[in-house]
Amino acid sequence: MPDTTTLPAKADAQKTEHFDVLIVGAGISGVGGAYHLAKQCPGTSFVVLETQESFGGTWLTHRYPGIRSDSDLYTFGYRFKPWTSAPIATAAEILAYMGEVIDENDLGQHIRYRHRIASARWSSRDNLWTIDAVRTDTGETRRFTAGFLWMCQGYYRHSEGYTPEWQGMETFKGRIVHPQSWPKDLDYAGKQVLVIGSGATAATVVPAIANDCGHVTLLQRSPTYFIPARNANDLADTLRQLQIDESWIHEIVRRKILHDQAVFTRRSFEEPEAVRKELLGGVRAYLGPDYDIDTHFTPSYRPWRQRIAYVPDGDLFRGIRAGKASVVTDEIDRFVETGILLKSGKTLEADIIVTATGFNLSVNGDIDFAVDGKPLDLSETVTYRGMMFTGVPNMVWVFGYFRASWTLRADLVADFVCRLLRHMKDKGAKKVEVALRPEDKDMPLLPWIDPENFNPGYLMRGMHLLPKRGGKPEWQHTQDYWSEKDQFPLIDLDDGVFVYG
Ligand SMILES: Cc1cc2nc3c(=O)[nH]c(=O)nc-3n(C[C@H](O)[C@H](O)[C@H](O)COP(=O)(O)OP(=O)(O)OC[C@H]3O[C@@H](n4cnc5c(N)ncnc54)[C@H](O)[C@@H]3O)c2cc1C
C-alpha cells in the first residue's frame, strides 16, 4: 500500500464531483447523519467520505480484547432504531447494529471508504467547499465540491493513540502496545502483563485478558470511579416478557435511563459525598471488607468530573478478587529492561506493557481548512452551541456528550442540520454562518470547557486547539442533553445569530 501521508494533496486531472452535502466520517455520527439527511431532506444529494475500509469509526478502530461500550446502547443507539440486547455492548454488536441501519436504509450507496480528506477550502465567491480526499489504497487525490460540510470526524486521531514519553522506554525488552493499535499477533498467554491507565479502556482490557495471561497488573497514577452493575435492564426485560413492541421498549427504556442519569448527575453536584459513598460501596461489595479501596478506588475529585465507566457484572473486580488481576497505585519513575521502576522504588516485572493512556485530540479530522484563502485556526473562533463556529460558513460539527451517550447529541444535531438546510432552501440562501450579535460583543470568551466541570486528559492537553466558548448558553457546548433536547428544536434560525447569503 502506498504511503498516502507523503503524497501531495493536489487534485489529479479527473473531474470534480459535486454534492449538496458532504459528511466527513462513517462512525456512529456520520451514519446517523446520512440516515437523517435521507429521511428529512429527500432530494438532497450527499456523500460520506471515510478514511477507513469500513463503517464504525471508534468501534472499528479499537480491536483490543473485550472492547465494549461504557454507556448503555438504549441511549448510545440511535433514537430511530431499537436496541434489543443487553445494555453494554461489544464493538462487534455495535458494528452489526450500524450495518443494519446502513442496509435497511440503503445508505451504502452514499459512502466512499478509503477516502482520507486532506483539505477543505471554502470560497465565498462560489459559496462552495472544495474538498480534496486521498485514496488510501491507490494514493490518488479525488476532488469534491459541496454546498455544506457535516463534520462527523469524532474527537481523536484514529491512526495513533496517546502514549506519554517515559524515560528508558527503549530499554524495555518486552513489547509495548497501545490499545488503539492492538497487534493481531499479540500472544499474551501465560505472560506477565502490565496495563498502564485507570480509565474505561484499562478496566476493559484487564478482565478480558486476566484468565489467559500469567498475571495482569493495572498500574494507575490515581484512581477512577466505576459503576459495577449487572449487564441487564430490568425494565426492558419486563416489557419484553409482556411482549411489548421493541420500538416502544426502546423509547420507554431510553426515557427511564435518561431520567435516572439526570437524577444521578444532579445529585453528583448537589450531594457529591453521598454519591461518592454509593459508588465506593458498589466497589466494596465486590472486593470485600479487607481490600484497600482507599488507595486504589477512591478518586480525589468529585464524581462526574471525568466520565464514569460501567463495569458490567463487576468483571474487573471479580478478576481482582480471584487473584488473577491486581492494582498498583503509584507513579512511573522510568522503564527498565524487565518492566517499570516506580517512584516508590518497587519494580513491576512485565513481558508486555499496555499503555491505556488515552487519545490524541483531533479537533477537525486533521483536515487543512481554509476560508477564502485564509488558513482556518478553529481556536480563534467562537462556538455556537458546540456545533457551528464564527467565520466558518456552511459547516456543522458533531461533538457529543461526555456525561450522556454521544449519539443522543448526534441525533439532535442531525435534526438541526436538516432543519437549517430546509430553511436555507426556503429562503433561497446559499450561505449561512453564525456571528456574534451586538449584544454578544462584550461577552467574556473562555476556553471550550470549564476544567472545574469536566477535565479528562485528552481535553486538557488539547484545550488550546479548541474553539472558544462564550459567556451565554447559546455560545457554549453545554453538555446538557436535558436542556438541549427541548431547546434545539426551538432554535430560531432567523434570530440574528445566523447570517445568510
Ligand atoms: C474505546 C472507546 C469507547 C467508547 N465508548 C463510548 C460509550 O460507551 N458511550 C459514548 O457515548 N461514547 C463512547 N466513546 C466515545 C466515542 O468515540 C463516541 O461515542 C462515538 O463513537 C463517536 O462517534 P463519531 O462517529 O462521532 O466519531 P468516531 O467514532 O471517532 O468516527 C469518526 C470517523 O471519521 C473518520 N474520519 C476522521 N477524520 C477523517 C478525515 N479527515 N477523512 C475521512 N474520514 C475521517 C474516522 O476514520 C472515523 O471512522 C468511546 C470511545 C472510545 C475510544
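Model, not experiment: these values are computed from the prediction.

1. A look at the packing of helix α6 (residues 234–241) against helix α7 (residues 246–270)
Relative orientation of the contacting elements α6 and α7 amounts to 155 degrees, with a least axis distance of 10 Å. Relative to α7, the element α6 is oriented roughly antiparallel. Viewed along their axes, α6 and α7 form a crossing whose handedness is right-handed. The residues of α7 that touch α6, namely those facing L235, A236, L239 and R240, are E246, I249, I252, V253 and K256.

2. Considering the sheet that holds strand β15 (residues 347–349)
Strand order across the open sheet formed by three strands is β13-β14-β15, with antiparallel pairing between neighbours. Looking along the sheet, the strands with just one partner apiece sit at the ends: β13 (332–336) and β15. Direction aside, neighbouring strands of the sheet carry axes that sit 25 degrees apart on average. The pairing of β13 with strand β14 (residues 339–342) spans four bridges and is antiparallel. Counted as the bridge partner of F335 is I340 from β14.

3. Describing helix α1 (residues 28–40)
For α1, spanning 13 residues, the distance from its first C-alpha to its last is 18 Å, which sits close to the expected 18 Å at 1.5 Å a residue. Burial analysis of α1 places 10 of its 13 residues in the buried class, which makes it a mostly covered element. Buried within α1 we find I28, S29, G30, V31, G32, G33, A34, Y35, H36 and L37. On its buried face, α1 sits against β1 (17–24), β2 (46–49), α3 (73–76), α4 (91–104), β6 (141–151) and α11 (406–427).

4. Some words on the layout of surface pockets
Approximately 680 Å³ is the volume attributed to the second largest pocket. When contributions to the lining of the second largest pocket are tallied by element, the ones reaching two or more residues are β10 (226–229), α6, α7, α8 (272–287) and β11 (309–312). Ranked by residues supplied to the lining of the second largest pocket, first place goes to α7 with five residues. Residues belonging to the lining of the second largest pocket are distributed by class as follows: 16 nonpolar, six polar and nine charged. Of the domains in this structure, domain 1 (13–159 + 361–500) and domain 2 (169–355) are the two that each give at least three residues to the lining of the second largest pocket.

5. Points about the domain arrangement of the protein
The domain architecture assigned to the protein consists of domain 1 (13–159 + 361–500) and domain 2 (169–355). Each of domain 1 and domain 2 has a C-alpha centre, and the two are 29 Å apart. Opposite the 42 residues of domain 1 that make contact, domain 2 presents 37 residues. Roughly 3300 Å² is buried in total at the junction of domain 1 and domain 2, and carbon and sulfur atoms are behind 54% of that figure. On the surface where domain 1 and domain 2 come into contact, there are one salt bridge. Across the pair R68 and D315 runs a salt bridge whose closest N-O atoms are separated by 2.7 Å.

6. Remarks on empty space enclosed by the protein
In the structure shown here, the tally under the stated rule is one cavity of 30 Å³ or more. Here the largest cavity is characterised by a volume of approximately 40 Å³. Taken together, S198, G199, A202, A203, L218, Q220, F226, F297, L316 and V327 form the lining of the largest cavity. Of all elements in the fold, only α5 (200–210) and β9 (215–220) reach the threshold of two or more residues within the lining of the largest cavity. Across the lining of the largest cavity, the residue classes tally to seven nonpolar, three polar and no charged.

7. Comments concerning the packing of aromatic side chains
This structure, assessed with the given rule, holds 34 aromatic pairs. Note on Y225 and Y301: the rings are 5.5 Å apart at their centroids and 90 degrees apart in plane angle, and the pair reads as edge-to-face. Placement of the pair is Y225 in the loop between β9 and β10 and Y301 in the loop between α9 (293–296) and β11, with a sequence separation of 76 residues. For the pair Y225 and Y301, a shared accessibility class is recorded, and that class is buried. Aromatic side chains Y401 and Y481 sit 5.9 Å apart centroid to centroid with 80 degrees between the ring planes, which places their arrangement in the edge-to-face category.

Definitions and limits used
- Residues numbered from 1 in each chain as written.
- Predicted model: local features only at pLDDT ≥ 70, side-chain atom pairs only at ≥ 80, totals over all residues.
- Heavy atoms only, no water.
- Axes fitted to C-alpha atoms, helices over the stretch in contact; angles between N-to-C directions.
- Helix = DSSP H or I, 4+ residues; strand = E, 2+ residues; numbered from the N terminus.
- Parallel < 35°, antiparallel > 145°, perpendicular 65-115°, else oblique.
- Left-handed = near helix turned anticlockwise from the far one by under 90°.
- Contact = heavy atoms within 4.5 Å.
- Pairing = 2+ DSSP bridges.
- Expected span 1.5 Å × (residues − 1).
- Buried < 20%, exposed > 50% of the residue type's maximum accessible area, 1.4 Å probe, protein only.
- 1 Å grid on protein atoms, 1.4 Å probe; cavity = no way out; pocket = protein on both sides within 12 Å on 5 of 7 lines; lining within 4 Å.
- Points joined across faces, edges and corners; volume = space filled by probe spheres on them.
- Nonpolar A, V, L, I, M, F, W, Y, C, P; charged D, E, K, R; others polar.
- Domains from an automatic or database assignment.
- Buried area = accessible area lost by both parts, 1.4 Å probe.
- Salt bridge = Lys/Arg side-chain N within 4 Å of Asp/Glu carboxyl O.
- Phe/Tyr/Trp six-rings, centres within 6.5 Å; stacked < 30°, edge-to-face > 60°.

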